[in-house]
Amino acid sequence: MGLPAPAPVYYSRRVRDYIKELWRRREFIWFLAMGNFKARNASTALGLFWWVLNPLLLSLVYWLVFGFIFPSSRDIIYLMSGMFVFHFTAQSLTGGANAVLQNSKLLTNLKFPRLILPLANLIESLVGFTVSLGVLLVVQAILRREIPSVSVILLLVAVPLQFLFNLGLSSITARLAVPFRDINNFIPYLNRIWLYTSPIIWPLSMLTTQRGQNFAPYAEANPMFALISVYRAALIGDPFDPGMLTEFALWASVVGFAGIGLFVRYEGKIARHL
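Not measured: the values here are computed from a predicted model.

A word on the overall build of the protein. Each helix and strand in the protein was counted, giving twelve helices and zero strands. When the elements of the protein are put in sequence order from the N terminus, they spell out α-α-α-α-α-α-α-α-α-α-α-α. Sorting the 274 residues of the protein into buried and exposed places 45% on the buried side. Taking all contacts inside the protein whose residues are at least 6 apart in sequence as the whole, residues at least 24 apart take part in 80%.

The following block contains the structure:
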(Lines give C-alpha, C1' and ligand atoms only; values in the text may rest on other atoms or scores of the structure.)
Protein backbone atom coordinates (compact mmCIF):
# COMPACT_ATOMS: atom_id res chain seq x y z
CA MET A 1 0.00 0.00 0.00
CA GLY A 2 1.62 3.26 -1.15
CA LEU A 3 2.03 6.43 0.85
CA PRO A 4 -0.54 9.21 0.33
CA ALA A 5 0.52 11.98 -2.01
CA PRO A 6 1.85 15.18 -0.41
CA ALA A 7 -0.77 17.88 0.07
CA PRO A 8 0.45 20.19 -2.75
CA VAL A 9 0.49 17.28 -5.21
CA TYR A 10 -2.94 16.11 -4.04
CA TYR A 11 -4.52 19.55 -4.46
CA SER A 12 -2.84 20.14 -7.81
CA ARG A 13 -4.35 16.85 -9.02
CA ARG A 14 -7.78 17.89 -7.76
CA VAL A 15 -7.53 21.22 -9.54
CA ARG A 16 -6.38 19.53 -12.75
CA ASP A 17 -9.17 16.95 -12.58
CA TYR A 18 -11.75 19.64 -11.87
CA ILE A 19 -10.64 21.72 -14.85
CA LYS A 20 -10.73 18.61 -17.05
CA GLU A 21 -14.29 17.92 -15.89
CA LEU A 22 -15.34 21.48 -16.69
CA TRP A 23 -13.79 21.21 -20.14
CA ARG A 24 -15.49 17.86 -20.74
CA ARG A 25 -18.83 19.52 -20.03
CA ARG A 26 -18.12 22.65 -22.09
CA GLU A 27 -21.08 21.98 -24.42
CA PHE A 28 -23.39 21.67 -21.42
CA ILE A 29 -22.08 25.02 -20.09
CA TRP A 30 -22.70 26.70 -23.45
CA PHE A 31 -26.19 25.28 -23.95
CA LEU A 32 -27.12 26.16 -20.36
CA ALA A 33 -25.92 29.74 -20.86
CA MET A 34 -27.68 30.17 -24.21
CA GLY A 35 -30.83 28.44 -22.95
CA ASN A 36 -31.05 30.89 -20.06
CA PHE A 37 -30.26 33.75 -22.41
CA LYS A 38 -33.07 32.87 -24.82
CA ALA A 39 -35.56 32.18 -22.04
CA ARG A 40 -34.78 35.49 -20.34
CA ASN A 41 -35.37 37.46 -23.53
CA ALA A 42 -38.12 35.40 -25.16
CA SER A 43 -41.03 37.22 -23.46
CA THR A 44 -39.90 40.75 -24.37
CA ALA A 45 -40.27 42.55 -27.67
CA LEU A 46 -36.73 43.97 -27.62
CA GLY A 47 -35.10 40.76 -26.39
CA LEU A 48 -31.30 40.98 -26.34
CA PHE A 49 -31.38 44.76 -26.75
CA TRP A 50 -32.57 45.12 -23.15
CA TRP A 51 -29.08 44.11 -22.01
CA VAL A 52 -27.80 47.20 -23.82
CA LEU A 53 -30.84 49.37 -23.12
CA ASN A 54 -30.63 49.19 -19.31
CA PRO A 55 -27.14 50.71 -18.93
CA LEU A 56 -27.80 52.99 -21.91
CA LEU A 57 -30.88 54.50 -20.26
CA LEU A 58 -28.99 54.88 -16.99
CA SER A 59 -26.22 56.69 -18.88
CA LEU A 60 -28.79 59.06 -20.38
CA VAL A 61 -30.35 59.73 -16.97
CA TYR A 62 -26.98 60.48 -15.35
CA TRP A 63 -25.97 62.58 -18.34
CA LEU A 64 -29.10 64.72 -17.97
CA VAL A 65 -28.88 64.96 -14.16
CA PHE A 66 -25.13 65.27 -13.59
CA GLY A 67 -23.88 66.54 -16.93
CA PHE A 68 -24.41 70.15 -15.95
CA ILE A 69 -22.86 69.65 -12.50
CA PHE A 70 -19.69 67.87 -13.64
CA PRO A 71 -18.72 69.31 -17.05
CA SER A 72 -16.46 66.34 -17.89
CA SER A 73 -19.46 64.03 -17.55
CA ARG A 74 -21.47 65.81 -20.24
CA ASP A 75 -20.06 63.46 -22.88
CA ILE A 76 -22.55 60.60 -23.21
CA ILE A 77 -19.78 58.37 -24.64
CA TYR A 78 -17.75 58.90 -21.47
CA LEU A 79 -20.71 57.79 -19.34
CA MET A 80 -21.57 54.83 -21.55
CA SER A 81 -18.01 53.51 -21.48
CA GLY A 82 -18.12 53.34 -17.70
CA MET A 83 -21.74 52.23 -17.34
CA PHE A 84 -21.49 49.25 -19.72
CA VAL A 85 -18.35 47.96 -17.97
CA PHE A 86 -19.86 48.39 -14.53
CA HIS A 87 -23.12 46.73 -15.58
CA PHE A 88 -21.24 43.59 -16.62
CA THR A 89 -19.66 43.30 -13.17
CA ALA A 90 -22.88 44.19 -11.33
CA GLN A 91 -24.67 41.44 -13.25
CA SER A 92 -22.12 38.92 -12.01
CA LEU A 93 -23.00 39.67 -8.39
CA THR A 94 -26.73 39.17 -8.85
CA GLY A 95 -26.29 36.35 -11.37
CA GLY A 96 -24.04 34.33 -9.09
CA ALA A 97 -26.59 34.31 -6.29
CA ASN A 98 -29.46 33.44 -8.63
CA ALA A 99 -27.52 30.78 -10.54
CA VAL A 100 -27.62 28.39 -7.59
CA LEU A 101 -31.03 29.24 -6.12
CA GLN A 102 -32.86 29.10 -9.46
CA ASN A 103 -31.36 25.73 -10.40
CA SER A 104 -32.06 23.84 -7.18
CA LYS A 105 -33.76 20.92 -9.00
CA LEU A 106 -30.79 20.56 -11.32
CA LEU A 107 -28.44 20.50 -8.34
CA THR A 108 -30.35 17.84 -6.45
CA ASN A 109 -30.87 15.52 -9.43
CA LEU A 110 -27.61 15.66 -11.37
CA LYS A 111 -23.97 15.31 -10.46
CA PHE A 112 -21.69 17.84 -12.14
CA PRO A 113 -19.16 20.52 -11.12
CA ARG A 114 -21.31 23.17 -9.45
CA LEU A 115 -19.08 25.95 -10.78
CA ILE A 116 -20.83 25.35 -14.10
CA LEU A 117 -23.84 27.35 -12.85
CA PRO A 118 -22.15 30.70 -12.10
CA LEU A 119 -19.89 30.12 -15.13
CA ALA A 120 -22.85 29.64 -17.48
CA ASN A 121 -24.57 32.70 -16.02
CA LEU A 122 -21.45 34.76 -16.60
CA ILE A 123 -21.12 33.56 -20.20
CA GLU A 124 -24.70 34.67 -20.75
CA SER A 125 -23.81 38.15 -19.44
CA LEU A 126 -20.65 38.19 -21.56
CA VAL A 127 -22.72 37.81 -24.74
CA GLY A 128 -24.79 40.85 -23.80
CA PHE A 129 -21.69 42.79 -22.79
CA THR A 130 -20.01 42.08 -26.14
CA VAL A 131 -23.07 43.42 -27.95
CA SER A 132 -23.05 46.54 -25.76
CA LEU A 133 -19.41 47.26 -26.65
CA GLY A 134 -20.33 47.07 -30.32
CA VAL A 135 -23.19 49.52 -29.74
CA LEU A 136 -20.81 51.88 -27.92
CA LEU A 137 -18.37 51.88 -30.87
CA VAL A 138 -21.21 52.57 -33.32
CA VAL A 139 -22.58 55.44 -31.21
CA GLN A 140 -19.07 56.86 -30.89
CA ALA A 141 -18.58 56.69 -34.65
CA ILE A 142 -21.87 58.58 -35.16
CA LEU A 143 -21.52 61.25 -32.44
CA ARG A 144 -17.77 61.80 -32.46
CA ARG A 145 -17.09 60.69 -36.04
CA GLU A 146 -14.27 58.52 -34.74
CA ILE A 147 -13.43 54.96 -35.69
CA PRO A 148 -11.73 52.57 -33.24
CA SER A 149 -7.96 53.07 -33.04
CA VAL A 150 -5.29 50.44 -32.52
CA SER A 151 -5.83 50.83 -28.76
CA VAL A 152 -8.98 48.70 -29.11
CA ILE A 153 -6.62 45.71 -28.98
CA LEU A 154 -6.51 46.28 -25.20
CA LEU A 155 -9.94 44.62 -25.11
CA LEU A 156 -8.20 41.29 -25.74
CA VAL A 157 -6.65 41.68 -22.28
CA ALA A 158 -9.32 43.71 -20.46
CA VAL A 159 -12.29 41.43 -21.22
CA PRO A 160 -10.64 38.14 -20.07
CA LEU A 161 -9.36 39.85 -16.91
CA GLN A 162 -12.80 41.23 -16.14
CA PHE A 163 -14.31 37.81 -16.84
CA LEU A 164 -11.98 36.24 -14.24
CA PHE A 165 -12.73 39.04 -11.77
CA ASN A 166 -16.48 38.66 -12.33
CA LEU A 167 -16.31 34.88 -12.00
CA GLY A 168 -14.67 35.32 -8.61
CA LEU A 169 -17.42 37.71 -7.48
CA SER A 170 -20.12 35.46 -8.92
CA SER A 171 -18.64 32.45 -7.13
CA ILE A 172 -18.60 34.33 -3.82
CA THR A 173 -22.25 35.37 -4.05
CA ALA A 174 -23.20 31.86 -5.22
CA ARG A 175 -21.35 30.46 -2.19
CA LEU A 176 -23.17 32.81 0.20
CA ALA A 177 -26.62 32.59 -1.39
CA VAL A 178 -27.45 29.10 -0.09
CA PRO A 179 -26.86 29.57 3.66
CA PHE A 180 -27.77 33.29 3.55
CA ARG A 181 -30.80 33.67 1.29
CA ASP A 182 -31.17 37.36 2.21
CA ILE A 183 -28.06 38.23 0.22
CA ASN A 184 -30.26 38.86 -2.83
CA ASN A 185 -31.86 41.75 -0.96
CA PHE A 186 -28.50 43.34 -0.15
CA ILE A 187 -26.79 43.04 -3.54
CA PRO A 188 -28.79 45.86 -5.27
CA TYR A 189 -27.71 48.29 -2.52
CA LEU A 190 -24.13 47.09 -2.72
CA ASN A 191 -24.16 47.62 -6.48
CA ARG A 192 -25.58 51.12 -6.07
CA ILE A 193 -22.92 52.12 -3.54
CA TRP A 194 -20.23 50.68 -5.79
CA LEU A 195 -21.63 52.58 -8.77
CA TYR A 196 -21.55 55.94 -6.97
CA THR A 197 -18.04 55.35 -5.64
CA SER A 198 -16.68 54.44 -9.09
CA PRO A 199 -15.40 57.00 -11.64
CA ILE A 200 -18.40 56.71 -13.94
CA ILE A 201 -20.47 59.80 -13.19
CA TRP A 202 -17.89 62.05 -11.55
CA PRO A 203 -14.37 63.13 -12.60
CA LEU A 204 -11.39 62.31 -10.38
CA SER A 205 -10.62 66.03 -10.01
CA MET A 206 -13.82 66.43 -7.98
CA LEU A 207 -12.21 64.51 -5.10
CA THR A 208 -9.94 67.39 -4.20
CA THR A 209 -12.03 69.49 -1.79
CA GLN A 210 -11.88 73.20 -1.14
CA ARG A 211 -10.06 72.47 2.12
CA GLY A 212 -7.28 70.81 0.18
CA GLN A 213 -8.22 67.26 1.18
CA ASN A 214 -7.43 64.77 -1.55
CA PHE A 215 -9.63 61.67 -1.65
CA ALA A 216 -8.27 60.49 -5.00
CA PRO A 217 -6.02 57.78 -3.48
CA TYR A 218 -9.09 56.19 -1.87
CA ALA A 219 -10.91 56.16 -5.20
CA GLU A 220 -7.91 54.61 -6.92
CA ALA A 221 -8.08 51.70 -4.44
CA ASN A 222 -11.41 50.76 -6.03
CA PRO A 223 -10.77 47.95 -8.56
CA MET A 224 -13.38 49.49 -10.84
CA PHE A 225 -11.18 52.59 -11.12
CA ALA A 226 -8.34 50.67 -12.77
CA LEU A 227 -10.70 48.57 -14.92
CA ILE A 228 -12.65 51.52 -16.31
CA SER A 229 -9.38 53.37 -16.99
CA VAL A 230 -8.21 50.48 -19.18
CA TYR A 231 -11.53 50.24 -21.02
CA ARG A 232 -11.64 53.99 -21.66
CA ALA A 233 -8.13 53.81 -23.08
CA ALA A 234 -9.27 50.98 -25.37
CA LEU A 235 -12.62 52.44 -26.42
CA ILE A 236 -12.65 56.23 -26.29
CA GLY A 237 -9.01 57.22 -26.63
CA ASP A 238 -8.09 58.07 -23.02
CA PRO A 239 -4.35 57.85 -22.26
CA PHE A 240 -3.27 54.31 -21.48
CA ASP A 241 -1.58 53.74 -18.12
CA PRO A 242 0.16 50.32 -17.91
CA GLY A 243 0.04 50.64 -14.12
CA MET A 244 -3.77 50.55 -14.23
CA LEU A 245 -3.70 47.33 -16.25
CA THR A 246 -1.22 45.75 -13.84
CA GLU A 247 -3.30 46.82 -10.85
CA PHE A 248 -6.48 45.33 -12.24
CA ALA A 249 -4.66 42.13 -13.26
CA LEU A 250 -3.73 41.71 -9.59
CA TRP A 251 -7.34 42.39 -8.52
CA ALA A 252 -8.64 39.90 -11.07
CA SER A 253 -6.18 37.20 -9.98
CA VAL A 254 -6.84 37.58 -6.26
CA VAL A 255 -10.64 37.95 -6.44
CA GLY A 256 -11.02 35.40 -9.24
CA PHE A 257 -9.02 32.53 -7.79
CA ALA A 258 -10.07 33.21 -4.18
CA GLY A 259 -13.77 33.27 -5.12
CA ILE A 260 -13.52 30.12 -7.23
CA GLY A 261 -11.59 28.34 -4.47
CA LEU A 262 -14.18 29.23 -1.83
CA PHE A 263 -17.02 28.01 -4.01
CA VAL A 264 -15.39 24.74 -5.05
CA ARG A 265 -14.52 23.85 -1.44
CA TYR A 266 -18.16 24.34 -0.43
CA GLU A 267 -19.93 22.96 -3.48
CA GLY A 268 -20.32 19.45 -2.06
CA LYS A 269 -22.58 20.83 0.67
CA ILE A 270 -24.84 22.90 -1.57
CA ALA A 271 -27.44 20.25 -2.40
CA ARG A 272 -28.10 19.34 1.24
CA HIS A 273 -28.87 22.97 2.13
CA LEU A 274 -31.34 23.59 -0.70
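Because the α-helix completes a turn every 3.6 residues, residues three or four places apart line up on one side. Taking 1.5 Å of rise per residue, 28 residues should cover 40 Å, and helix H6 (residues 116-143) covers 40 Å from first to last C-alpha, within 8% of that figure. Following H6 by one or two positions, Arg145 adopts a phi angle in the positive range, close to 55°.

Moving on, we come to the confidence of the model for the protein. Looking at the protein as a whole, its pLDDT mean stands at 79, while 79% of the residues score no less than 70. Within the model, the stretch residues 1-5 combines pLDDT values under 50 with two contacts to residues more than four positions away or in other chains.

One can find Leu53 in helix H3 (residues 49-66). As for Leu53 and Phe84, which are separated by 31 residues in sequence, their C-alpha atoms are 9.9 Å apart.

What follows deals with the nonpolar core. Ranked by internal contacts, the top residues of the largest apolar core, which has 77 residues, are Phe129 and Tyr231. Looking at which element gives the most residues to this core, the answer is helix H4 (residues 76-101), with 15 residues.

With respect to the helices and strands, the residue Ser170 is situated in helix H7 (residues 155-177). By relative accessible area, which is 1% here, Ser170 ends up buried. Non-local contacts of Ser170, meaning those with residues more than four positions away in its chain, are made with Ser92, Gly95, Gly96 and Pro118.

On to H4, then. Across its 26 residues, H4 extends 37 Å between first and last C-alpha, which sits within 8% of the 38 Å expected from 1.5 Å per residue. Along its length, H4 shows its largest kink, about 30°, at Gly95. With 22 of 26 residues buried, H4 lies mostly within the body of the structure.

Turning to the packing of H7 against helix H8 (residues 183-196), a few remarks are in order. Two elements in contact, H7 and H8, have axes separated by 11 Å at closest approach and are oriented at 150°. Regarding the angle of H7 to H8, the classification is roughly antiparallel. Regarding H7 and H8, the two cross each other, and that crossing is right-handed. On H8, the residues that touch Phe165, Leu169, Thr173, Leu176 and Ala177 of H7 are Ile183, Ile187 and Trp194. Class assignment for the residues of the contact of H7 with H8 results in seven nonpolar, one polar and no charged.

Next up on the list: a nonpolar patch on the surface. Where nonpolar side chains cluster on the molecular surface, the patch consists of Leu57, Leu60, Trp63 and Leu64 and spans about 350 Å² of accessible area. Its place among the elements puts Trp63 in helix H3.

Here we come to the layout of surface pockets. One number sums up the size of the largest pocket: a volume of about 650 Å³. The element best represented in the lining of the largest pocket is helix H1 (residues 7-24), accounting for seven residues. Residues that form the lining of the largest pocket fall into these classes: twelve nonpolar, one polar and four charged.

Cut-offs and rules
- Residues numbered from 1 in each chain as written.
- Predicted model: local features only at pLDDT ≥ 70, side-chain atom pairs only at ≥ 80, totals over all residues.
- Heavy atoms only, no water.
- Helix = DSSP H or I, 4+ residues; strand = E, 2+ residues; numbered from the N terminus.
- Buried < 20%, exposed > 50% of the residue type's maximum accessible area, 1.4 Å probe, protein only.
- Contact = heavy atoms within 4.5 Å.
- Expected span 1.5 Å × (residues − 1).
- pLDDT = per-residue confidence, 0-100.
- Core = buried A, V, L, I, M, F, W, Y, C linked by side-chain atoms within 4.5 Å.
- Bend = angle between axes of the 7 residues up to and from the residue.
- Axes fitted to C-alpha atoms, helices over the stretch in contact; angles between N-to-C directions.
- Parallel < 35°, antiparallel > 145°, perpendicular 65-115°, else oblique.
- Left-handed = near helix turned anticlockwise from the far one by under 90°.
- Nonpolar A, V, L, I, M, F, W, Y, C, P; charged D, E, K, R; others polar.
- Patch = residues over 30% accessible without salt bridge, like charges linked within 9 Å, V, L, I, M, F, W, Y side chains within 5 Å.
- Areas by Shrake-Rupley, 256 points an atom, 1.4 Å probe, with all protein chains shown as cover.
- Salt bridge = Lys/Arg side-chain N within 4 Å of Asp/Glu carboxyl O.
- 1 Å grid on protein atoms, 1.4 Å probe; cavity = no way out; pocket = protein on both sides within 12 Å on 5 of 7 lines; lining within 4 Å.
- Points joined across faces, edges and corners; volume = space filled by probe spheres on them.

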